[in-house]
Amino acid sequence: MTKKTANNIVAVAFLLFFIAVAILSTGFGPRARLVPLPVAIGSAVLISFQLYLQNTKNTKINLAIDAGELLFGAKESKDSSGKKKEKKENLLKKELVSIGIVVSFLALILVIGIEPAILVFVVGYFRFINKAKWWKSFVFGIGTLLFIHLLFVQFLNVHFYKGILEYIL
């Protein structure tokens, strides 16, 4: 199976999943379908656009994700066994760092609440993972927090968890 075929299979599977979610969510009540229906439709549109891009011959866009590796597992190098082991150890290190980031974010939510945790996470992500400057990191963090606050708290009237510190202080 070629890489292009594997990518198409994965993209079509996701497209079918999002179409099914959209169809199922139409049976929900008006408030219950507020989130899944737009997300499913938007995701289906993006997947359709991805299918178009990856099947157009003149497209020079690197989609940066190998769906074939997602579907069939990581490719093994044909080098000596020492390099294979090094790749596996490097992959394990990256996975542990990723899990640590998620656990840290969840701990921040538990201690200081969702909104401050989002600000700390986004600023930290852009500064330390993305290597952006501090001022850009803060701009992205505050912008993200402002967008989430306006969308959920002001528009949808959702009350966020405030964290353990609210009860202590």
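Residues numbered from 1 in each chain as written. Predicted model: local features only at pLDDT ≥ 70, side-chain atom pairs only at ≥ 80, totals over all residues. Heavy atoms only, no water.

*Asks:* I keep staring at the overall build of the protein chain and nothing clicks. Help me out?
*Replies:* Counting its secondary structure elements, the protein chain contains seven helices and zero strands. The order of helices and strands in the protein chain, counted from the N terminus, is α-α-α-α-α-α-α. Across the 169 residues in the protein chain, those meeting the buried criterion constitute 21%. Intrachain contacts of the protein chain at a sequence separation of at least 6 include 53% that bridge at least 24 residues. Roughly 12,900 Å² of accessible area belongs to the protein chain as shown, and the carbon and sulfur atoms make up 70% of that amount. (Helix = DSSP H or I, 4+ residues; strand = E, 2+ residues; numbered from the N terminus. Buried < 20%, exposed > 50% of the residue type's maximum accessible area, 1.4 Å probe, protein only. Contact = heavy atoms within 4.5 Å. Areas by Shrake-Rupley, 256 points an atom, 1.4 Å probe, with all protein chains shown as cover.)

*Asks:* For this particular structure, what's the right way to read the nonpolar core?
*Replies:* A general tendency of soluble globular proteins is for nonpolar side chains to be buried together. Listed in full, the six residues of the largest apolar core are Ala11, Leu15, Phe18, Ala44, Ile47 and Leu51. Breaking this core down by element, the ones donating at least two residues are helix H1 (3-25) and helix H2 (36-55). (Core = buried A, V, L, I, M, F, W, Y, C linked by side-chain atoms within 4.5 Å.)

*Asks:* Looking at this structure, I do not really get the packing of helix H5 (residues 114-129) against helix H6 (residues 134-155). What am I missing?
*Replies:* Helix packing for two helices is described by the angle between their axes and how far apart those axes are. Closest axis-to-axis distance for the H5/H6 pair is 8 Å, and the angle between their directions is 150 degrees. It follows that H5 is roughly antiparallel to H6 by the angle criterion. Classified by chirality, the crossing of H6 by H5 is right-handed. Residues Glu115, Ile118, Leu119, Val122, Val123, Phe126, Arg127 and Phe128 of H5 lie in contact with H6, whose contacting residues are Trp134, Ser137, Phe138, Phe140, Gly141, Ile142, Thr144, Leu145, Ile148, His149 and Val153. (Axes fitted to C-alpha atoms, helices over the stretch in contact; angles between N-to-C directions. Parallel < 35°, antiparallel > 145°, perpendicular 65-115°, else oblique. Left-handed = near helix turned anticlockwise from the far one by under 90°.)

*Asks:* I would appreciate a short explanation of H1 in the present structure.
*Replies:* Structural remark: α-helix, 3.6 residues per turn; residues separated by three or four positions point the same way. For H1, built from 23 residues, the straight-helix expectation of 33 Å at 1.5 Å per residue is met to within 8% by its first-to-last C-alpha distance of 33 Å. What H1 keeps buried is the set Ala6, Asn7, Asn8, Val10, Ala11, Leu15, Phe18, Ala22 and Ser25. (Expected span 1.5 Å × (residues − 1).)

*Asks:* Looking at this structure, how should I read the side chain of Asn8?
*Replies:* Along the chain, the position of Asn8 falls in helix H1. Judged by its relative accessible area of 18%, Asn8 is buried. Contact partners of Asn8, with chain neighbours within four places excluded, come to Leu51, Gln54 and Asn55.

*Asks:* I keep staring at a nonpolar patch on the surface and nothing clicks. Help me out?
*Replies:* On the surface, Leu110, Val111, Tyr161, Ile164, Leu165, Tyr167, Ile168 and Leu169 cluster together into a nonpolar patch covering about 840 Å² of accessible area. Locating Tyr167 in the fold gives a position in helix H7 (residues 164-168). (Patch = residues over 30% accessible without salt bridge, like charges linked within 9 Å, V, L, I, M, F, W, Y side chains within 5 Å. Salt bridge = Lys/Arg side-chain N within 4 Å of Asp/Glu carboxyl O.)

*Asks:* Explanation requested: the confidence of the model for the protein chain in the structure shown.
*Replies:* A low pLDDT score tells you not to read the predicted coordinates there in detail. For the protein chain, mean pLDDT is 84; residues scoring 70 or higher make up 83% of the total. No element of the protein chain has a lower mean pLDDT than helix H3 (residues 67-72), which averages 57, and none a higher one than H6, which averages 93. (pLDDT = per-residue confidence, 0-100.)

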